[in-house]
Every structure is written in C-alpha cells, then in structure tokens.
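Chain residues, written in single-letter form:
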Protein chains: 2
Amino acid sequence: MKILLDAMGGDNAPDATIKGAINAINQIEAEIILIGNEDIIRKKVKEICNKELEEVSDRLSIKNTTETIEMEDTPTLAIKHKKDSSMVVGFKMLKQGEGDVFISAGNSGALLTGATLLVGRIKGIDRPALAGILPAHNSRLLLIDSGANTNCKPINLLQFAQMSTIYLRNTFGIEKPAIGLLNIGTEETKGNELTKESYKLLKEKSEELGINFVGNVEGRDAFSGKIDAIVTDGFTGNIFLKAVEGIGRLVKVSLKENFLKNIFTKIAAIPSLPAIEGLQKSMDYKSYGGALFLGVKKPVVKAHGSSDETLFEFTIKQAENFVKNKAVDKMIEEFEKVNKN
Amino acid sequence: MKILLDAMGGDNAPDATIKGAINAINQIEAEIILIGNEDIIRKKVKEICNKELEEVSDRLSIKNTTETIEMEDTPTLAIKHKKDSSMVVGFKMLKQGEGDVFISAGNSGALLTGATLLVGRIKGIDRPALAGILPAHNSRLLLIDSGANTNCKPINLLQFAQMSTIYLRNTFGIEKPAIGLLNIGTEETKGNELTKESYKLLKEKSEELGINFVGNVEGRDAFSGKIDAIVTDGFTGNIFLKAVEGIGRLVKVSLKENFLKNIFTKIAAIPSLPAIEGLQKSMDYKSYGGALFLGVKKPVVKAHGSSDETLFEFTIKQAENFVKNKAVDKMIEEFEKVNKN
C-alpha cells in the first residue's frame, strides 16, 4: 500500500507533515510518498533527525513538485492552473494507481474540487461529502456532510445516509448503523424545508436501501453513543462541527484554570491528571483524525488545516485503515447494484 | 416588582416551579405570583414545607387558573382557545401591568405565539427572537435567535444585532458589545445566501445603528470570551445550542467515568472535586438560566423545559434582574428613535 501525503498543505506544513510521516512510518505497513518540494523536504528531514530520508526508512520517498496551492487561491483556478502543485500531482497519482489514498491539510475548497474533478465521483452519488468523526459516549459519531456542500437537496442527504451505512459497516463492523437526520426537534414536522423533505425521503427509501434510519436527532442526544451517524447539509454540519470544536477549546482552558486556581488544587490535581487527560482526549475531536471525503472513486482524507505532527501521525494511520477496510470499493460496488435495480 | 410564574409549565411542574419559587423568594425583593391550579399549588406547598403558602412568605401568592397548555397542543389553537390556562392568564396579567415579567417552561411554540399575540411586538421589530445565554471563557455568549424563527431574512438578523446590543449594554454594562454573525468561515464570501446577504446588511448599517459588528464568527472562536453575541436564524441557532448541550452531557458523563474508572483515581479525585464541579457548572448552559424572548413589549423568559427546582430558582433571580435593568424599556425607546429617523 502507498499513502500519498501532501507535504506542503496545512498551516504547519512542511514541518508537521514531515515529522508526522517520520513518526508514523514505523507504526504502519504502508509506504509514504511525500509530495512536495524535494529540496525543502530533504533539508527538513536532515534538520529533524540528522539523517538522510533513505536512512529513516526505505518506505519513505519523495515525489518532487514545484508549486503549492495557497489558502487564498480560488479552488477551481488553482486546480486547473497549478498543474505541478503537490495537491494536483497527488490526485493524479491517486487516479493513476500510483498510490492508494491521498491525505492533504491544504486549501479545503481546492481539495474538494480536485477530488471531484481529478479523481471523479462514484456513479450514483450526486454530491461527495465530508464525513467528520466526532467523539461520542464510548463510541464515535459520523457527521456527514461536515462542510463540503453548503446547499443540499433531500436526495443528497439520502445518499449521505447510504454512504455512512456502507462506511460504518466496513470500517467498524456495525451491521446496522443507526443513521439520524440532524434536526431541531424529534417530531417529523420539525425543522426547515430541507429537513422536512429529507425526513420524508429517508423514511420512504430507507428499507429498500438498507439504511437503519432512526428519525430526527437533536444535538443534545447525538453524543449518547446510540447514534452512529447524523446526516445534514454542509452548512448546518459545519456549524455543528465548529460548535463542538469551540466547546472543546473552552473545556480545555476551563479545566486548566479550574485546576490551577490555587496551589492546593494544583497539588491535589496531580494524581487525577490521567483522568483529566482522558477526558481532554475524548473531547478533542481532532484526535478522531481527518475527515473522509466520501463519494469519490478513491480514498481521500482531508486532514485538519491546523494539524500538528501528532495529528498527522494519527491521520496517516487512519488513512491506512481506510484503505485496508476497502470502504470505497464497497461503496462503488453497492451504488452500482442500486443503479442496476 | 411582581414576577409572574407559570406554575404548571415544564416537564417537572408543578413540583419544580413551586420549590424553585420557595427557594428563590428569600433571595429576591420581588413578589412571585404562582399562576395555576390553586388547589394543587396549596397542596404542594403544604407537602413541601408543611406550611400554608402565606406562612412561607407574604410575597408569595396564587392566581388561580383551570386549564393547562400541554406539550402536544398546537400553539396558535392553544393560545386562542385555552383562555383560562396558566400561560394565557400570565400573558394577560403581564400586558395589563399586573406583573413585570412572565416566566414559563411550558410549550415553547405556544409561549412564543402567546408573547407575540397577547403582549405584542415592539414597533420596529419584525420578528422577536430567543436569546439563549451560553458559557464562554470568563464570560457569557448571547446566541440569538436560538430557536424562535426557523426561517429568517437579513433584516431580522440586523434587528437581532440591535436587540443584543441594547440588552448587553443595559444588563452587563458592556458599552460596545462585540456582535458576530455565526458562519462557517470568517471571509465575507463564506456561507449560505442568508449569511452572505446578512453580512452585507450588517456591514452597511452597523455604524448608523451603533452596532459593534465584528464580522463572521465560527463556532470554534465563539467561546473565547471576546465575542458578546452571535446572531443567526432560529434553525441554525437551535442546532448550535443543542450541539453545545450534547457536548455538555458528554463532558459530564466522561468526567464521571474517567474519574471513577478505578478506586485509586476515585480517592485521588476527591480533593479535585470542587474544580471538577466548577468546570461542570461553567459547561452547563442551563446554569446560565432561561432564554430571553427579546422583541416583545414586556419581559418574557422561556425557562428550559426540563428545568428542575434549582434552575427555576436561578431563572427567577435572572428574571428579577431582567426587569431591574429595564432592557425592554430601553429597547422600545431606542427602536422608537430609529423609526423616527
């Protein structure tokens, strides 16, 4: 297996991407191909571990590129014109089978455009979507679409439900994942036009498509561990995702301040630190890795823009699993079946 | 000052409302009028403290009503037909000056309909809205609209920004409250049609209306304590509110489990309990009280449907402050000025 890593994408690249790759390489079986400026990468590797790249691992290599897509670039223009950028080269390698999964923390718009234009949609899926993975009680919650499509139609949400089902079954072995519709009430008449229409469509089509649709789900019940995925449009999903992130940050800073308020609590807190760290870890949605771009023909992982080396390390391991579980191949297969019927 | 309390509204009424009122009465200066079935209320008071109502405090009294609006009632029908319900009677008393603020944890739809129909909108405000109060770093965050209006226009969001400014100035003494537009990115081109158009309108009108508009705000930055209020439509606001509530629940259960995982941590945790409680309290948005229904001519407070006695106690104290600070009168005044110009 070959993991294609956009070495130049993200706020902390290329430092964090390279360090993440070096940390991950001995924990995985796959090769990692660092895509980016070869001179810069070689220099960084030398700086980080005082070794040549080849000495670190024979499963690490470089694909040299000369351009980088910047955060302020217009997605479509960047994908069309920056042909030798790490992102465009990564997608082309993925398409041509020179790699099995592409990871990038670069310009989100360009990543989604590139995946759709250069790798291509799965037949039967109108809108590929981002599946973010959030913490839940002794479990995880898939949030799809967590930000790719600002405007959606009911048919898109139905397809998100299908994709989540296939992904969760193949990756986590959940036979009948519970899929909810993110809404502001549990009654079927609640919500805006999109949720009302989507509710009807999901109710009508779920049995036929093998979706275990559990109805409307409110955010306050979403993290109970009983719901495996919630489907929504990309605007609402992104609002939800970032509310969770914001509260995560508040918990982190509040915990720190509450514990360190005075020297007595400070000392008293020491034996509890593992528990606090456990909580922080389970609260930090970043430790649940990158978001999967579901609906395109090959595995694409959108790493968090502000990923540090630890998160890149985690995302690389997550990407290896994503390929191993063949969720994308299964998705292509199942949508083909649906289309034939 | 007279506080009108719907004794029959909410999941835990009338127990929690009556207990809350009894607990609050000695902490406030105002009178409390319990609106509901007199026989039931008298019986409950006797049960709770083995005293007659009059013996508990001479600032506690009852307004007898014979009907109750149920959670499953259709809002408009309930307000029109249940004329002797605790909610309708409460609103009429509020309108006629027989009380200064009305608190209810009953049917939300009926409460919003009743407030608009029976108390009336402030001139110049097209859509009254719910202002929820969330925790933020060493501060609080006003979220408006947190659920009253599923569909909104840019003009509504502009008015929400005006109302928040007036409320925050008069209640918390913040001279120029920082008002953000809840969005999925900080750039002005980000978001859906509503946020794009609202951004333009807010930018254009803020100076003239005395709003300190700080631009688009993402959820991940909303709790920093630097933002005083975020404006949004009621659908998005309610999604945001309930995401916060859900994560709050997850924190609570995770903390408990992480601490009680083994007996060693359990003992070690004891001295840290105040800090943990501090965190829990600052994370629990319920401890920030009820949501204010801004835009109607009198103070109306929507208590959380699942309020317990502690939360009712808190909400009663909050309602007293809401009246003391005259935020509603100031709102009427300022909107009159704007309308004249």
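Residues numbered from 1 in each chain as written. Chains lettered and ligands numbered in written order. Predicted model: local features only at pLDDT ≥ 70, side-chain atom pairs only at ≥ 80, totals over all residues. Heavy atoms only, no water.

Enquirer: Explanation requested: the packing of aromatic side chains in the structure shown.
Expert: In this description, an aromatic ring pair is defined by two values, namely the gap between the centres and the angle between the planes. Residues and elements named next belong to chain A. Considering all chains together, one arrives at 10 aromatic pairs over all chains under this definition. Members of the aromatic cluster, joined through ring pairs, are Tyr-167, Phe-172 and Phe-322. Seen from the ring of Phe-172, Arg-140 lies directly overhead, with NZ or CZ sitting 3.8 Å from the centre. (Phe/Tyr/Trp six-rings, centres within 6.5 Å; stacked < 30°, edge-to-face > 60°. Lys NZ or Arg CZ within 6 Å of the ring centre and 35° of its normal.)

Enquirer: What is the right way to read the layout of surface pockets from this model?
Expert: Space left empty within the atom packing is revealed by a probe, the size of a water molecule, rolled over the atoms. All names here are of chain B. Estimates place the volume of the second largest pocket at around 1,200 Å³. At the level of secondary structure, the elements contributing two or more residues to the lining of the second largest pocket comprise helix 6 (108–119), strand 5 (129–136) and helix 10 (234–259). In terms of residues, the lining of the second largest pocket owes the most to one element, strand 5, which gives four residues. Taken together, the residues that form the lining of the second largest pocket break down as 13 nonpolar, 18 polar and nine charged. (1 Å grid on protein atoms, 1.4 Å probe; cavity = no way out; pocket = protein on both sides within 12 Å on 5 of 7 lines; lining within 4 Å. Points joined across faces, edges and corners; volume = space filled by probe spheres on them. Helix = DSSP H or I, 4+ residues; strand = E, 2+ residues; numbered from the N terminus. Nonpolar A, V, L, I, M, F, W, Y, C, P; charged D, E, K, R; others polar.)

Enquirer: I keep staring at the pattern of salt bridges and nothing clicks. Help me out?
Expert: Should the charged atoms of two oppositely charged side chains come close, the side chains can pair. Applying the stated criterion across every chain yields a total of 36 salt bridges over all chains. Ionic pairing is found between Asp-15 of chain A and Lys-44 of chain A, a salt bridge with its closest N-O pair at 2.9 Å. In this pair, Asp-15 of chain A is assigned in helix 1 (residues 15–25) and Lys-44 of chain A in helix 2 (residues 38–49), connecting sequence segments 29 residues apart. You can call Lys-44 of chain A buried: its relative accessible area is 17%. The residue Arg-169 of chain B makes a salt bridge to Glu-175 of chain B at a minimum N-O spacing of 3.8 Å. When its relative accessible area of 25% is taken as the criterion, Arg-169 of chain B is described as partly exposed. (Salt bridge = Lys/Arg side-chain N within 4 Å of Asp/Glu carboxyl O. Buried < 20%, exposed > 50% of the residue type's maximum accessible area, 1.4 Å probe, protein only.)

Enquirer: In this structure, what is going on with helix 8 (residues 193–209) of chain B? I would like to understand it.
Expert: Every α-helix winds through 3.6 residues per turn, so residues three or four apart in the chain are directed the same way. Residues and elements named next belong to chain B. Between its first and last C-alpha, helix 8 extends 23 Å over 17 residues, near the 24 Å set by a 1.5 Å rise per residue. Of the residues making up helix 8, those classed as buried are Leu-194, Thr-195, Ser-198, Tyr-199, Leu-201, Leu-202 and Ser-206. One or two residues past the end of helix 8 sits Gly-210, with phi positive at roughly 70 degrees. (Expected span 1.5 Å × (residues − 1).)

Enquirer: Whenever I open this one, the side chain of Ser-164 of chain A confuses me. Can you help?
Expert: Residue and element names in this part refer to chain A. If you trace the backbone, Ser-164 turns up in helix 7 (residues 154–172). Residue class for Ser-164 comes out buried when judged on its relative accessible area of 0%. Contact partners of Ser-164, with chain neighbours within four places excluded, come to Leu-142, Ile-144, Ile-179, Ala-229 and Val-231. (Contact = heavy atoms within 4.5 Å.)

Enquirer: Where do I start with the sheet that holds strand 5 (residues 129–136) of chain A in this structure?
Expert: Working definition: the strands of a sheet are paired by backbone hydrogen bonds and lie parallel or antiparallel to each other. Residues and elements named next belong to chain A. If you trace the 11 strands from one edge of the open sheet to the other, you get 3-2-1-4-11-10-5-6-9-7-8, paired in mixed fashion. Edge strands, defined here as strands with exactly one partner in the open sheet, are strand 3 (60–64) and strand 8 (212–217). Sheet twist, expressed as the mean angle between neighbouring strand axes with direction ignored, is 25 degrees. In the sheet, strand 1 (residues 2–6) pairs with strand 4 (residues 101–104) via three bridges, with the strands oriented parallel. (Pairing = 2+ DSSP bridges. Axes fitted to C-alpha atoms, helices over the stretch in contact; angles between N-to-C directions.)

Enquirer: How should I be thinking about unusual backbone geometry in this particular structure?
Expert: One can expect most non-glycine residues to show negative phi and most peptide bonds to be in trans. The step from Ala-13 of chain A to Pro-14 of chain A runs through a cis peptide bond, and the omega angle for that step is 0 degrees. Looking at the secondary structure, you find Pro-14 of chain A in the loop between strand 1 and helix 1. The peptide bond linking Ile-144 of chain A to Asp-145 of chain A adopts the cis configuration, its omega dihedral lying at 10 degrees. You can see Asp-145 of chain A is positioned in the loop between strand 6 (139–144) and helix 7. Look at Lys-326 of chain A: it is not a glycine, yet its phi comes out positive at around 50 degrees. Topologically, Lys-326 of chain A is positioned in the loop between helix 13 (309–324) and helix 14 (327–340). With a phi angle near 55 degrees, Asn-50 of chain B is a residue other than glycine that sits in the positive phi range. Looking at where Asn-50 of chain B falls in the secondary structure, it is placed in the loop between helix 2 (38–49) and helix 3 (53–56).

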